[in-house]
Amino acid sequence: MTERLQVKRFILGLFDTNCYLVSDQSSKQALIIDPAEENREVIATIEKDGLNVIGIVNTHSHGDHIGGNGSVKAKFGCPILIHEADAPALTDAYKNLSALVGLDNIVSPPADRLLKDGDEIFIGRYPLKVIHTPGHSPGGICLHTDDIIFTGDTLFAGSIGRCDFPGCSFEQLMASIHELLLLLNDDTKVYPGHGPETTIGNERAHNPWI
(Lines give C-alpha, C1' and ligand atoms only; values in the text may rest on other atoms or scores of the structure.)
Protein backbone atom coordinates (compact mmCIF):
# COMPACT_ATOMS: atom_id res chain seq x y z
CA MET A 1 0.00 0.00 0.00
CA THR A 2 1.24 3.44 -0.81
CA GLU A 3 2.70 5.20 2.21
CA ARG A 4 1.20 8.50 1.14
CA LEU A 5 -2.45 7.53 1.47
CA GLN A 6 -4.20 5.49 4.13
CA VAL A 7 -6.87 3.03 3.00
CA LYS A 8 -9.56 1.63 5.29
CA ARG A 9 -12.06 -0.94 4.03
CA PHE A 10 -15.63 -1.36 5.27
CA ILE A 11 -17.85 -4.26 4.17
CA LEU A 12 -21.38 -2.94 3.84
CA GLY A 13 -24.89 -3.92 2.86
CA LEU A 14 -26.72 -6.99 1.62
CA PHE A 15 -24.08 -7.78 -1.02
CA ASP A 16 -20.98 -7.23 1.16
CA THR A 17 -19.84 -4.25 -0.85
CA ASN A 18 -16.35 -2.94 -0.16
CA CYS A 19 -16.45 0.74 0.72
CA TYR A 20 -13.07 2.45 0.99
CA LEU A 21 -12.10 5.48 3.01
CA VAL A 22 -8.94 6.90 1.46
CA SER A 23 -7.21 9.69 3.35
CA ASP A 24 -4.10 11.84 3.29
CA GLN A 25 -2.92 12.02 6.87
CA SER A 26 -1.05 15.31 6.45
CA SER A 27 -3.97 17.33 5.08
CA LYS A 28 -6.71 15.19 6.69
CA GLN A 29 -8.56 15.17 3.38
CA ALA A 30 -10.48 12.00 2.59
CA LEU A 31 -12.40 10.41 -0.26
CA ILE A 32 -15.11 7.79 0.11
CA ILE A 33 -15.29 5.18 -2.63
CA ASP A 34 -18.60 3.32 -3.09
CA PRO A 35 -20.52 4.05 0.13
CA ALA A 36 -23.17 1.36 0.33
CA GLU A 37 -26.02 1.32 2.80
CA GLU A 38 -25.49 0.78 6.53
CA ASN A 39 -22.48 3.10 6.63
CA ARG A 40 -22.65 4.28 10.25
CA GLU A 41 -19.19 2.83 10.93
CA VAL A 42 -17.72 4.80 8.03
CA ILE A 43 -19.21 8.05 9.33
CA ALA A 44 -18.06 7.30 12.88
CA THR A 45 -14.49 6.66 11.65
CA ILE A 46 -14.44 9.92 9.72
CA GLU A 47 -15.54 11.85 12.78
CA LYS A 48 -13.13 10.03 15.12
CA ASP A 49 -10.17 10.64 12.81
CA GLY A 50 -11.09 14.28 12.20
CA LEU A 51 -11.17 13.90 8.42
CA ASN A 52 -12.45 16.38 5.87
CA VAL A 53 -14.45 14.47 3.26
CA ILE A 54 -13.84 16.10 -0.10
CA GLY A 55 -15.95 13.74 -2.21
CA ILE A 56 -17.77 10.51 -2.87
CA VAL A 57 -16.64 8.50 -5.90
CA ASN A 58 -18.77 5.72 -7.31
CA THR A 59 -16.83 3.21 -9.39
CA HIS A 60 -20.14 2.49 -11.12
CA SER A 61 -23.83 3.11 -10.59
CA HIS A 62 -25.23 -0.23 -9.40
CA GLY A 63 -27.42 0.03 -6.34
CA ASP A 64 -25.12 -1.86 -3.99
CA HIS A 65 -22.39 0.75 -4.56
CA ILE A 66 -24.43 3.96 -4.30
CA GLY A 67 -26.85 3.25 -1.44
CA GLY A 68 -24.99 5.49 1.01
CA ASN A 69 -24.49 8.45 -1.30
CA GLY A 70 -27.44 10.38 0.07
CA SER A 71 -26.66 9.94 3.77
CA VAL A 72 -22.95 10.68 3.36
CA LYS A 73 -23.60 13.75 1.23
CA ALA A 74 -26.18 15.01 3.74
CA LYS A 75 -23.74 14.49 6.62
CA PHE A 76 -20.62 16.02 5.10
CA GLY A 77 -21.90 18.19 2.23
CA CYS A 78 -19.47 16.57 -0.19
CA PRO A 79 -19.89 16.22 -3.98
CA ILE A 80 -20.71 12.96 -5.76
CA LEU A 81 -18.41 11.96 -8.63
CA ILE A 82 -19.16 9.29 -11.21
CA HIS A 83 -18.34 8.59 -14.85
CA GLU A 84 -20.62 10.44 -17.21
CA ALA A 85 -21.95 7.23 -18.80
CA ASP A 86 -23.27 5.93 -15.46
CA ALA A 87 -24.56 9.21 -14.04
CA PRO A 88 -28.17 8.83 -15.27
CA ALA A 89 -28.56 5.60 -13.27
CA LEU A 90 -27.94 7.31 -9.94
CA THR A 91 -31.49 8.63 -9.81
CA ASP A 92 -33.26 5.67 -11.47
CA ALA A 93 -33.80 2.46 -9.48
CA TYR A 94 -34.29 0.42 -12.65
CA LYS A 95 -31.19 1.72 -14.38
CA ASN A 96 -29.07 1.14 -11.27
CA LEU A 97 -30.62 -2.36 -10.97
CA SER A 98 -31.66 -1.99 -7.32
CA ALA A 99 -35.30 -2.51 -8.30
CA LEU A 100 -34.36 -5.77 -10.03
CA VAL A 101 -31.99 -7.54 -7.63
CA GLY A 102 -33.74 -7.60 -4.27
CA LEU A 103 -32.68 -4.22 -2.93
CA ASP A 104 -35.13 -1.52 -1.97
CA ASN A 105 -35.56 1.00 -4.76
CA ILE A 106 -32.27 2.82 -4.18
CA VAL A 107 -31.69 6.24 -5.63
CA SER A 108 -28.91 8.73 -5.08
CA PRO A 109 -28.68 12.48 -5.36
CA PRO A 110 -27.49 13.41 -8.85
CA ALA A 111 -23.80 13.67 -9.67
CA ASP A 112 -21.97 16.89 -8.90
CA ARG A 113 -19.01 16.09 -11.16
CA LEU A 114 -18.98 13.89 -14.25
CA LEU A 115 -15.77 11.97 -14.72
CA LYS A 116 -13.96 10.98 -17.90
CA ASP A 117 -11.02 8.72 -18.62
CA GLY A 118 -7.78 10.38 -17.56
CA ASP A 119 -9.32 12.76 -15.03
CA GLU A 120 -7.56 13.17 -11.70
CA ILE A 121 -9.11 13.41 -8.26
CA PHE A 122 -6.80 14.91 -5.66
CA ILE A 123 -6.68 13.91 -2.00
CA GLY A 124 -4.43 16.54 -0.55
CA ARG A 125 -1.50 16.68 -2.98
CA TYR A 126 -1.99 13.14 -4.22
CA PRO A 127 -3.95 12.29 -7.37
CA LEU A 128 -6.13 9.30 -8.13
CA LYS A 129 -6.27 8.80 -11.89
CA VAL A 130 -9.59 7.77 -13.43
CA ILE A 131 -9.33 4.78 -15.79
CA HIS A 132 -12.53 4.13 -17.73
CA THR A 133 -13.09 0.35 -17.69
CA PRO A 134 -16.48 -0.39 -19.26
CA GLY A 135 -17.89 -3.89 -19.27
CA HIS A 136 -19.61 -4.44 -15.94
CA SER A 137 -21.39 -1.16 -16.62
CA PRO A 138 -21.00 1.43 -19.39
CA GLY A 139 -19.35 3.94 -17.06
CA GLY A 140 -17.34 1.64 -14.82
CA ILE A 141 -14.06 3.14 -13.63
CA CYS A 142 -10.96 2.18 -11.71
CA LEU A 143 -8.91 4.62 -9.62
CA HIS A 144 -5.13 4.31 -9.73
CA THR A 145 -2.29 5.92 -7.84
CA ASP A 146 1.27 4.67 -7.45
CA ASP A 147 1.11 1.03 -6.35
CA ILE A 148 -2.63 0.70 -5.63
CA ILE A 149 -5.79 0.53 -7.73
CA PHE A 150 -9.46 0.47 -6.78
CA THR A 151 -11.16 -1.74 -9.37
CA GLY A 152 -14.85 -1.61 -8.41
CA ASP A 153 -16.58 -4.58 -10.02
CA THR A 154 -14.19 -4.81 -12.97
CA LEU A 155 -11.65 -7.17 -11.38
CA PHE A 156 -11.82 -9.32 -8.25
CA ALA A 157 -9.49 -11.76 -6.56
CA GLY A 158 -9.88 -14.83 -8.76
CA SER A 159 -12.80 -13.48 -10.73
CA ILE A 160 -14.22 -10.63 -12.83
CA GLY A 161 -17.38 -8.54 -12.77
CA ARG A 162 -20.70 -9.98 -13.85
CA CYS A 163 -21.72 -9.40 -17.45
CA ASP A 164 -25.33 -10.63 -17.40
CA PHE A 165 -26.94 -7.33 -16.39
CA PRO A 166 -28.43 -4.74 -18.76
CA GLY A 167 -25.66 -2.52 -20.09
CA CYS A 168 -22.93 -5.12 -19.48
CA SER A 169 -20.52 -6.42 -22.10
CA PHE A 170 -18.16 -9.36 -21.60
CA GLU A 171 -16.06 -8.27 -24.59
CA GLN A 172 -15.67 -4.76 -23.20
CA LEU A 173 -14.85 -6.05 -19.73
CA MET A 174 -12.11 -8.36 -20.99
CA ALA A 175 -10.68 -5.58 -23.12
CA SER A 176 -10.65 -3.27 -20.11
CA ILE A 177 -8.78 -5.84 -18.05
CA HIS A 178 -6.27 -6.94 -20.69
CA GLU A 179 -5.63 -3.58 -22.34
CA LEU A 180 -5.64 -1.38 -19.24
CA LEU A 181 -5.32 -3.17 -15.90
CA LEU A 182 -2.78 -5.79 -16.94
CA LEU A 183 -0.44 -3.01 -18.09
CA LEU A 184 0.15 -2.17 -14.43
CA ASN A 185 3.06 -3.54 -12.44
CA ASP A 186 2.61 -6.98 -10.88
CA ASP A 187 3.01 -5.60 -7.36
CA THR A 188 0.13 -3.15 -7.80
CA LYS A 189 -2.30 -3.80 -4.95
CA VAL A 190 -5.90 -4.30 -6.04
CA TYR A 191 -8.79 -3.13 -3.87
CA PRO A 192 -11.91 -4.63 -5.50
CA GLY A 193 -15.59 -3.82 -5.04
CA HIS A 194 -16.25 -7.17 -3.33
CA GLY A 195 -14.03 -9.75 -1.69
CA PRO A 196 -10.42 -9.69 -0.52
CA GLU A 197 -7.50 -7.64 -1.71
CA THR A 198 -5.15 -9.03 -4.34
CA THR A 199 -2.42 -7.88 -6.73
CA ILE A 200 -2.20 -7.49 -10.47
CA GLY A 201 0.55 -10.12 -10.56
CA ASN A 202 -1.53 -12.63 -8.63
CA GLU A 203 -4.46 -12.17 -10.98
CA ARG A 204 -2.25 -12.36 -14.04
CA ALA A 205 -0.90 -15.68 -12.80
CA HIS A 206 -3.93 -17.31 -11.20
CA ASN A 207 -7.23 -15.70 -12.24
CA PRO A 208 -8.97 -18.33 -14.43
CA TRP A 209 -10.79 -15.63 -16.43
CA ILE A 210 -7.48 -14.03 -17.42
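Analysis parameters
- Residues numbered from 1 in each chain as written.
- Predicted model: local features only at pLDDT ≥ 70, side-chain atom pairs only at ≥ 80, totals over all residues.
- Heavy atoms only, no water.
- Helix = DSSP H or I, 4+ residues; strand = E, 2+ residues; numbered from the N terminus.
- Rg over C-alpha atoms; globule rule 2.2 N^0.38 Å.
- Buried < 20%, exposed > 50% of the residue type's maximum accessible area, 1.4 Å probe, protein only.
- Areas by Shrake-Rupley, 256 points an atom, 1.4 Å probe, with all protein chains shown as cover.
- 1 Å grid on protein atoms, 1.4 Å probe; cavity = no way out; pocket = protein on both sides within 12 Å on 5 of 7 lines; lining within 4 Å.
- Points joined across faces, edges and corners; volume = space filled by probe spheres on them.
- Nonpolar A, V, L, I, M, F, W, Y, C, P; charged D, E, K, R; others polar.
- Pairing = 2+ DSSP bridges.
- Polar contact = N/O pair within 3.5 Å; in protein donor to acceptor, adjacent residues only side chain to side chain.
- Contact = heavy atoms within 4.5 Å.
- Arc of directions from axis to C-beta.
- Axes fitted to C-alpha atoms, helices over the stretch in contact; angles between N-to-C directions.

1. Section: the overall build of the protein chain
- The secondary structure content of the protein chain amounts to five helices and 14 strands.
- Here the C-alpha atoms of the protein chain give a radius of gyration of 16 Å, agreeing with the 17 Å that 2.2 N^0.38 yields for 210 residues.
- Once the C-alpha set of the protein chain is aligned to its principal axes, its extents read approximately 40 × 40 × 30 Å.
- Counting all 210 residues of the protein chain, 52% fall into the buried class.
- Roughly 9000 Å² of accessible area belongs to the protein chain as shown, and the carbon and sulfur atoms make up 50% of that amount.

2. Considering empty space enclosed by the protein
- As enumerated under the stated definition, the model contains two cavities of 30 Å³ or more in all.
- Size it by volume and the largest cavity reaches roughly 60 Å³.
- In terms of lining, the largest cavity is formed by Leu-12, Gly-13, Leu-14, Phe-15, Thr-17, Ala-36, Glu-37, Gly-63, Asp-64, Gly-67, Leu-103 and Ile-106.
- Looking at the lining of the largest cavity residue by residue, the classes come out as six nonpolar, four polar and two charged.
- Estimated volume of the second largest cavity: approximately 40 Å³.
- In terms of lining, the second largest cavity is formed by Thr-59, His-60, Thr-133, His-136, Ser-137, Gly-140, Ile-141, Thr-151, Gly-152, Asp-153 and Thr-154.

3. Notes on the pairing of strand 8 (residues 126–132)
- Relative to strand 8, strand 7 (residues 120–123) is paired through four bridges, and the arrangement is antiparallel. Residue pairing in the sheet places Ile-123 in a bridge with Tyr-126 of strand 8.
- Linking strand 7 back to strand 8 in an antiparallel pair, the connection comprises two residues, with Gly-124 at a positive phi of about 60 degrees.
- In this structure, strand 8 lies alongside strand 9 (residues 141–145), joined through four bridges in antiparallel fashion. Residue Val-130 lies in a different strand from strand 9, and its bridge partner there is Leu-143.

4. Here we look at the side chain of Ser-23
- Among the secondary structure elements, Ser-23 is positioned in strand 2 (residues 17–24).
- Residue Ser-23 is classed as buried on the basis of its relative accessible area, which comes to 2%.
- A polar contact is formed between the side chain of Ser-23 and the side chain of Gln-25, at a distance of 2.7 Å.
- The contacts of Ser-23, once residues within four sequence positions are left out, are Arg-4, Leu-5, Gln-6, Gln-29, Ala-30, Leu-51 and Ile-123.

5. Points about helix 1 (residues 40–49)
- Along helix 1, the residues that are buried comprise Val-42, Ile-43, Thr-45, Ile-46 and Asp-49. Projection of helix 1 onto a plane perpendicular to its axis shows the buried side chains occupying an angular sector of 160 degrees, all on one side. Seen from the buried face of helix 1, the exposed residues on the opposite side, beyond 90 degrees, are Arg-40, Glu-41 and Lys-48.
- Residues of helix 1 that are buried sit in contact with strand 1 (6–12), strand 2, strand 3 (29–33), strand 4 (52–57) and helix 3 (69–76).

6. Examining the sheet that holds strand 5 (residues 80–83)
- Taken together, the six strands give an open sheet; going across it, the order is 1-2-3-4-5-6, and neighbouring strands pair in mixed fashion. Edge positions in the open sheet fall to strand 1 and strand 6 (113–115), since each of these has one partner strand only. Neighbour-to-neighbour, the strand axes of the sheet open up by a mean angle of 25 degrees, direction not taken into account.
- Bridge count between strand 1 and strand 2: seven bridges; the pairing is antiparallel. In the sheet register, Gln-6 faces strand 2, and the bridge partner there is Ser-23.
- The strands touched by helix 1 within the sheet are strand 1, strand 2, strand 3 and strand 4, with strand 1 carrying the most contacts at an inclination of about 155 degrees.
- Along the sheet face, helix 3 touches strand 3, strand 4 and strand 5 and points at about 155 degrees away from the line of strand 4.

7. What about the layout of surface pockets?
- Estimated volume of the largest pocket: approximately 250 Å³.
- Residue lining of the largest pocket: 16 residues in total, with Phe-15, Asp-64, Asp-153, Arg-162 and Phe-165 positioned closest to the centre.
- Partitioning the lining of the largest pocket into residue classes produces six nonpolar, seven polar and three charged.

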